[in-house]
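Here is what each chain is made of, one letter per residue.
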Amino acid sequence: MILSLRIKSFFQAVLTIDRQLYLKLVAILFLVAALSLLSSVIFQVHVGTVPTAYQVFDISFYHFIPFFLWVLCLPLIHWISRQWPLNPTKFWLQHLVTSVLFAFASRILAIWVDFAIKHAVGMTDAAPLSVLWDVRWVVLASLPKALLVYWLIMFLFSYFEKKVSARSIDKLALDTDGGTILLSPKELLCIESSRNYIIVHTSTKRYRSRKTLKSVSSQLGEQFMQIHRSRIVNTEAVVRVIPWRSGEYMLELQNGLHVSSSRSFQGNVRIICQGDATRPATA
């Protein structure tokens, strides 16, 4: 049951990842791999050996196979960042253990894939599995770089997501049955999706508008956070967070409205609790 919920939350995190953010991270990882290859070539020249085109191609496997593996791992790392948000005082042990596991796994897998490809195309006669033991010291020596890549990705996720969420508007236009309503983001307490409409809650009223939750969320500032597939709350309007069911919470808003979160977004609820030390996290 718990495993199925974790898998579901993982795929929801993959579906909600910003495409531009993903492409930026891919570009940064590619730049890291390219600079690493360039430094290797410069070192060869420095020691008096000018590498041939074939040798550069051979060395490129060492630098670019990890790049492809890290790109494949981006959705998983994005999900981890949702489960354990970066915080100066919390979740450091989880990230430390996870980063070490990622570093070991990425280096071993990268070297195995490296020699598996070379063995398949005839560049080497060595069996991929037998090579792993022979290069064990290379794996250990390259662990610090893999650790730095993990933390780089994690910090970039945090930085870019905050930067995107900081783009807010002064007024949100809602087309309702009674005309177009202009609301300040500060007035909004909660926004819920209902089929082809959204329901916007303020302290005194609720409005229905033919918009999507995704289109509205892209216009709101960082104080708004998604706690459910169909629900966004103004974190400044949350007065109490009550543990409900496993991984789920009930959030009480300033107007007395109670809204529930889902397990998939429990990481966001943790961020809400951390954002204000005076906000009670339990009933």
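Heads up: the structure comes first, above all this text.
First things first, this report covers the structure right here in the doc. All values reported here derive from a predicted model rather than from experimental measurement. (Residues numbered from 1 in each chain as written. Predicted model: local features only at pLDDT ≥ 70, side-chain atom pairs only at ≥ 80, totals over all residues. Heavy atoms only, no water.)

**Comments concerning the overall build of the protein chain**
When you go through the protein chain residue by residue, the secondary structure sums to nine helices and ten strands. Across the 283 residues of the protein chain, 43% fall into the buried class. (Helix = DSSP H or I, 4+ residues; strand = E, 2+ residues; numbered from the N terminus. Buried < 20%, exposed > 50% of the residue type's maximum accessible area, 1.4 Å probe, protein only.)

**Notes on the packing of aromatic side chains**
What describes a pair of aromatic rings is the distance from one ring centre to the other and the angle between the planes of the rings. Under the defined criterion, the tally for this structure stands at ten aromatic pairs. Between Trp92 and Trp151, the ring centres sit 5.4 Å apart and the planes meet at 20 degrees, which makes this aromatic pair stacked. Within this pair, whereas Trp92 is found in helix α4 (residues 92-121), its partner Trp151 is found in helix α7 (residues 143-165), the two being separated by 59 residues in sequence. On the basis of relative accessibility, which here comes to 38%, the residue Trp92 falls in the partly exposed class. Owing to a relative accessible area of 17%, Trp151 belongs among the buried residues under this scheme. On the basis of an interplanar angle of 90 degrees and a centroid distance of 5.8 Å, the ring pair of Tyr150 and Trp151 is categorised as edge-to-face. Across the pair, Trp151 and Tyr150 agree in class, each one buried. A connected cluster of aromatic rings, assembled from ring pairs, spans Trp70, Trp92, Phe102, Tyr150, Trp151 and Phe155. Its end group placed over the ring of Phe115, Lys118 keeps NZ or CZ at 5.6 Å from the ring centre. The ring centre of Tyr197 lies 4.1 Å from the NZ or CZ of Arg208, which sits over that ring. (Phe/Tyr/Trp six-rings, centres within 6.5 Å; stacked < 30°, edge-to-face > 60°. Lys NZ or Arg CZ within 6 Å of the ring centre and 35° of its normal.)

**Focus on the layout of surface pockets**
Taken as a whole, the second largest pocket holds about 250 Å³ of empty space. Along its surface, the second largest pocket is lined by 16 residues, and Ser36, His63, Pro66, Lys145 and Val149 are the ones closest to its centre. Going through the elements one at a time, α2 (19-46), α3 (53-83), α4 and α7 are the ones with two or more residues in the lining of the second largest pocket. Taken together, the residues of the lining of the second largest pocket break down into nine nonpolar, five polar and two charged. (1 Å grid on protein atoms, 1.4 Å probe; cavity = no way out; pocket = protein on both sides within 12 Å on 5 of 7 lines; lining within 4 Å. Points joined across faces, edges and corners; volume = space filled by probe spheres on them. Nonpolar A, V, L, I, M, F, W, Y, C, P; charged D, E, K, R; others polar.)

**Section: the sheet that holds strand β7 (residues 231-234)**
Taken together, the five strands give an open sheet; going across it, the order is β5-β4-β3-β7-β6, and neighbouring strands pair in antiparallel fashion. Looking at strand neighbours, the two that pair on one side only are β5 (206-209) and β6 (224-228), the edges of this open sheet. This sheet shows a mean twist of 25 degrees between the axes of neighbouring strands, independent of strand direction. In the sheet, strand β3 (residues 190-194) pairs with β7 via three bridges, with the strands oriented antiparallel. Directly across from Cys190, in β7, lies its bridge partner Val233. (Pairing = 2+ DSSP bridges. Axes fitted to C-alpha atoms, helices over the stretch in contact; angles between N-to-C directions.)

**Some words on a nonpolar patch on the surface**
Together, Leu93, Leu96, Val97, Val100, Leu101, Phe104, Ile108, Trp137 and Leu140 give the surface a local cluster of nonpolar side chains, amounting to about 870 Å² of exposed area. When contributions to the nonpolar patch are tallied by element, the ones reaching two or more residues are α4 and α6 (136-141). Ranked by residue count, the leading element in the nonpolar patch is α4, at seven residues. Taking relative accessible area as the criterion, Ile108 reaches 39% and is therefore assigned partly exposed. (Patch = residues over 30% accessible without salt bridge, like charges linked within 9 Å, V, L, I, M, F, W, Y side chains within 5 Å. Areas by Shrake-Rupley, 256 points an atom, 1.4 Å probe, with all protein chains shown as cover. Salt bridge = Lys/Arg side-chain N within 4 Å of Asp/Glu carboxyl O.)

**Some thoughts on the pairing of β6**
In summary, the side chains of a regular strand alternate between the two faces of the sheet. Counted residue by residue, β6 has four buried out of five residues, so it is predominantly covered. Bridge count between β6 and β7: four bridges; the pairing is antiparallel. Residue pairing across strands places Gln226 opposite Ile232, the latter belonging to β7. Between the end of β6 and the start of β7, which pair antiparallel, lie two residues.

**A look at the side chain of Ser99**
By secondary structure assignment, the location of Ser99 is in helix α4. In this view, Ser99 contacts Leu147, Tyr150 and Trp151; residues no more than four positions away in its chain are not counted. (Contact = heavy atoms within 4.5 Å.)

**What about unusual backbone geometry?**
In this model, Arg195 sits at a positive phi of 60 degrees, which is unusual for a non-glycine residue. Mapped onto the secondary structure, Arg195 falls in the loop between β3 and β4 (197-201). Overall, Arg195 belongs to the exposed group, its relative accessible area being 86%.

Purely spatial values, then, with no claim about function.
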